[in-house]
Amino acid sequence: MTASLVRPAAAGFLRIACAVPDLTAPTPCAGYDVRGLLNHLLYWGPWLVAAGRREDPPSPAAGEAEAALVTGDWRAALEKQTETLVDVFGTPSAWTGTTALGTAPLPAAVVGAMVLGEFVLHGWDLARASGREFECDPAAATAVYESAVAMGEQARSMGVYGPAVAVAGDAPPLARALGAAGRDPGWTP
């Protein structure tokens, strides 16, 4: 069950995200340095929570680019948000039926896959930016790979993923997930 993969993926993500030493370091996530990527996560997290709970999305005062969420005790805010996402998407019911991300209706399983992908892909992004290794359960990486392949063209057309990166078919699941999501598994700062 994919919902059971959320908690361990979130734990791996938090180990990396809360220990980043340099907020200005580049990441493999195009257009984001560490601060920008953390801001992205803090900005969109409440939207994902609302989708999982089938509630109205938040009414932010500014868009992602204008929001300045990596200030003060941003680590505590990220930990709290991650715990909430785990509480919501760690239950199978959050993955069933339909929901909306903002005004866009989506299968709830797609939003759940987005959450898992945020933890795995952005956890890896932050690990690479920090020069650390990212440990990921192969089952979680496989689920992210399958989701990235299924959503790939649409995600690329929306600028969410970059062009797919060719990765050997026998590469580890995380490397295949990264390639399918437009990341070079060999990326270094």
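An account of the accompanying structure is given in this report. (Residues numbered from 1 in each chain as written. Predicted model: local features only at pLDDT ≥ 70, side-chain atom pairs only at ≥ 80, totals over all residues. Heavy atoms only, no water.)

A word on the packing of helix 2 (residues 34–53) against helix 4 (residues 108–130)
Direction vectors running N to C along helix 2 and helix 4 enclose 165 degrees, while the axes themselves pass 11 Å from each other. By the angle between their axes, helix 2 is roughly antiparallel relative to helix 4. In this structure, helix 2 meets helix 4 at a crossing whose hand is left-handed. Listed contacts from helix 4 to Val-34, Leu-37, Leu-38, His-40, Leu-41, Leu-48 and Ala-51 of helix 2 are Val-111, Val-115, Glu-118, His-122, Asp-125, Leu-126 and Ala-129. Its residues assigned to classes, the contact of helix 2 with helix 4 comprises 10 nonpolar, 2 polar and 2 charged. (Axes fitted to C-alpha atoms, helices over the stretch in contact; angles between N-to-C directions. Helix = DSSP H or I, 4+ residues; strand = E, 2+ residues; numbered from the N terminus. Parallel < 35°, antiparallel > 145°, perpendicular 65-115°, else oblique. Left-handed = near helix turned anticlockwise from the far one by under 90°. Contact = heavy atoms within 4.5 Å. Nonpolar A, V, L, I, M, F, W, Y, C, P; charged D, E, K, R; others polar.)

Looking at the environment of Arg-132
Looking at where Arg-132 falls in the secondary structure, it is placed in the loop between helix 4 and helix 5 (138–157). Among the residues examined, Arg-132 registers a relative accessible area of 36% and is labelled partly exposed. Separated by 116 residues in the primary sequence, Arg-132 and Ile-16 have C-alpha atoms spaced 7.9 Å apart. If we ignore the near neighbours within four places in the chain, the residues touching Arg-132 are Arg-15, Ile-16, Ala-19 and Ala-127. (Buried < 20%, exposed > 50% of the residue type's maximum accessible area, 1.4 Å probe, protein only.)

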